[in-house]
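Examining the three-dimensional arrangement
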Amino acid sequence: MTTPDPYSELIESVAEALVEIVGIDERKAFHQVRLSDRPGYGDLSLPLLRYTRTLNIKPDQLFESLKSKINSKTNLLSDHQLVRGYHNMYIDESKLALALSNTLREYGRLEPPKTRTPMVLVVEHTSANPIHPLHMGHARNTSLGDTLARLLKARGHRVNTRFYIDDVGRQMAVLALGVKLLGGDPLGMAKRLDMKPDKLLGYIYSITHLLLDIHKLTQSINDPAASEEEKLYYIRERDKLAARLVAVSQEAPGEIADKLIDAFSKLKETKEPEREVSEIMRSYENRLDEGIVSLIRETANASLKGFRETLSKLGVEFDNWDWESDLVWTGLVSKLIEEASKSPYVTVHKDALAIDLSPAMDEQEVREKIKIPKALEIPPLILVRSDGTTLYTTRDMAYTLYKFRQTGANKVVNVIGADQRLPQIQIRLALYLLGYKREALNTIHYAYEIVRLPGMRMSSRKGVFLGLDEVLDQTYNVALSRVEEKSPDLPLDEKEKVALKIAVGAIRYTMIATDPMRPIEYNVDRATNLDSNSGPYLQYTYARANGILRKAGEPDWDRIDYRAASDPTRRGLLIAAAQTPYYAAKAADDMEPVLLANHLLKLADRFNSWYQKDQVIREKEEETRNFKILLTIIVREALGMGLDLLGIPKTPRM
RNA sequence: GGGCCCGUAGCCCAGCCAGGACAGGGCACCGGCCUCCGGAGCCGGGGGUCCCGGGUUCAAAUCCCGGCGGGCCCGCCA
């Protein structure tokens, strides 16, 4: 049983009336209903001028017929006005308050209205390579993905969240080599060094990678075929990497760096390191060597243990963890390649098996549903390397099909950086041409722009990135000192819990409150910002409402003066609170969490403003006092619902 | 070279997809408010060529075309 939502029903009534009178389609009608704060503009309004011409009707005639149609569908409106071509509607605040009061009495909470078209949805997000700790780029991915999942679930869809463990491929092989050189057992190593395993592995990966690159450059420098100019370039490059190696080595714990450098030199004497990496990669992908299999699985699992720890702080959990290697080992990938090789679109590109994607560009269906840039030349997608190993895009095609098959999903949403747009388009086009049209057209690349550090780009390969754990820690410390200052009487463990909630709120809010298409430049001040445009501000306002209610106690629900809602400040606050489920539903439908975040900010502003000038507990008149308590409850429930959906932890005190 | 994305006050950002009524917030800045339900707050103030130029329209920050600036992508990496 879903809770009814008076405000959404009101919007729906207006939209339906518009559909019936003007004859536009429903989706469009919803967009035409304007919500306004400004006095004199109506609580809701419809611009009429755009219809009067096409319908050949006078504004006042249209206004009258809309008015009576709308009134036949809802009784929540008290007045309609025609002003300069706008149909302005005013909400009957007493009736709205009563309706919300009834909802809360019956269900005890607010929630977004359920969709009329529930679907099965997969949301794949985060999916960080298990070769280094999560950084702030992942924080954006995680926050968006987890929030989307929460919103869609609340909207009535069946949502399945998945994490793709990218354990096949060169990066993982490089890390495995490093771990092998250090004698294996990454988890034990982390324990001995008292360090998060993902962090330790991050160092091992960076150092190993640098050693390989330096080695390669050294070979180029010694190559007699190289010109003097080229040699100078290589030497400069090698010096840069060497400097980085020194920096990372100093930061790395224990004797890790020394041991690695030492073991790497020994390896060089007997074997070409690059060949060792390729062998690891190939024997893992083809499952030739159980020793390598357990080395890589153990290593990846150690990283994932660290990921889980961080993610659980952020309140993020996954329904499924999918190993990329399983897709290869169970034959899903090779089966797909086999199908592709029989396809009429198969071709050879640069001597490798590939699929020619250009025919898909002619399909109108494809152009419309997969957004293909008009003049984009899509290169053929290579499916298999000439050494027989597969590429990530090929495996991702198999994974896409896997996600549909495992869940019976209607749509698969993949939260992946915008920099991967082209390969993501290629994957969908290739699936389409192989006959998986439904899957191709219902796979959504939910793209977001990068998180930059001031002046530089994060690069895990170069060991340059802002770690999520570090940002969490810093924000936590700032929050803890604020809590100590503001609530000295809380017990210490309580203060710590609250400080963590604030840190999580600050980070998650920041990550979703900017349009995903806009790059974020990140400085630490911004992460630790607890001021008015922030998650903690919302948490603070929620705590404040709870503070009032703790002291005010339960209202007598049968003795509430709903007419007290007419005071303009209370009225504005009531309406804003009532809109919350509606905005949550819209945020889910449009897949734009920021819509809800912005609305909550406005609600919090209104509440704080009201709070300042209209005393609740000290109100003498009993029925008015009951109304004010009710209003506070409504606000608390609206904020609480919103915070839950955004994954920002609630705290009754802070 | 080609493609995609972004360009709104000193700074950060809503609004653009679904064109309409004075372009909204926040930070910073200036001035007020704590014997008073939680001051992480509230009230007030200054600050704008909505990147530029055309076009469509009764109406353009919003749609179209052309520029400019920045980011990203164009690999048998992921």
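Calculation rules
- Residues numbered from 1 in each chain as written.
- Chains lettered and ligands numbered in written order.
- Predicted model: local features only at pLDDT ≥ 70, side-chain atom pairs only at ≥ 80, totals over all residues.
- Heavy atoms only, no water.
- Near = heavy atom within 4 Å.
- Polar contact = N/O pair within 3.5 Å; in protein donor to acceptor, adjacent residues only side chain to side chain.
- Helix = DSSP H or I, 4+ residues; strand = E, 2+ residues; numbered from the N terminus.
- Domains from an automatic or database assignment.
- Contact = heavy atoms within 4.5 Å.
- Buried area = accessible area lost by both parts, 1.4 Å probe.
- Salt bridge = Lys/Arg side-chain N within 4 Å of Asp/Glu carboxyl O.
- Pairing = 2+ DSSP bridges.

1. Here we look at the protein's contact with RNA strand B
Residues in contact with RNA strand B amount to 66 residues; listed here are only the nearest, Asp166, Lys486, Arg544, Lys551 and Tyr611. Sugar and phosphate atoms represent 64% of those atoms of RNA strand B found within 4 Å of the protein. A distance of 2.5 Å separates a base nitrogen of RNA strand B from a polar side-chain atom of histidine 31. Between arginine 385 and RNA strand B, the recorded distance is 2.4 Å, taken from a side-chain N or O atom to a phosphate oxygen. Contributions of two or more residues to the surface near RNA strand B are made by helix H2 (26-32), helix H3 (49-55), strand E4 (86-91), helix H18 (392-407), helix H19 (421-433), helix H21 (468-486), helix H24 (535-552) and helix H26 (593-613).

2. Here we look at the domain arrangement of chain A
Along its sequence, chain A is organised into domain 1 (6-91), domain 2 (120-166 + 324-452), domain 3 (170-306) and domain 4 (468-646). One C-alpha centre belongs to domain 2, the other to domain 3, and the line joining them spans 29 Å. On the side of domain 3, 17 residues touch domain 2, which itself brings 15 residues to the contact. Together domain 2 and domain 3 conceal approximately 1,400 Å² of surface at their shared face, both sides included; 62% is due to carbon and sulfur atoms. For domain 2, the biggest contributors to the area lost against domain 3 are Pro130, Ile131 and Trp329; these three give 47% of the whole. Scanning the region where domain 2 abuts domain 3 turns up one salt bridge. The salt bridge partner of aspartate 326 is arginine 297, with a shortest N-O separation of 3.0 Å. Here domain 2 is connected to domain 3 by eight residue pairs in polar contact (both at pLDDT 80 or more). Those elements giving two or more residues to the side of domain 2 that touches domain 3 turn out to be strand E6 (158-165) and helix H14 (324-329). Of all the elements, H14 adds the most residues to the side of domain 2 that touches domain 3, at four residues.

3. Considerations on the sheet that holds strand E8 (residues 346-349)
Read across the open sheet, the three strands follow the order E8-E9-E10; overall the sheet is antiparallel. Edge positions in the sheet fall to E8 and strand E10 (381-382), since each of these pairs with one other strand and no more. Of the strand pairs in this sheet, strand E9 (residues 352-355) and E10 are connected by two bridges, and their pairing is antiparallel. When the bridges of E10 are listed, isoleucine 355 appears paired with leucine 381.

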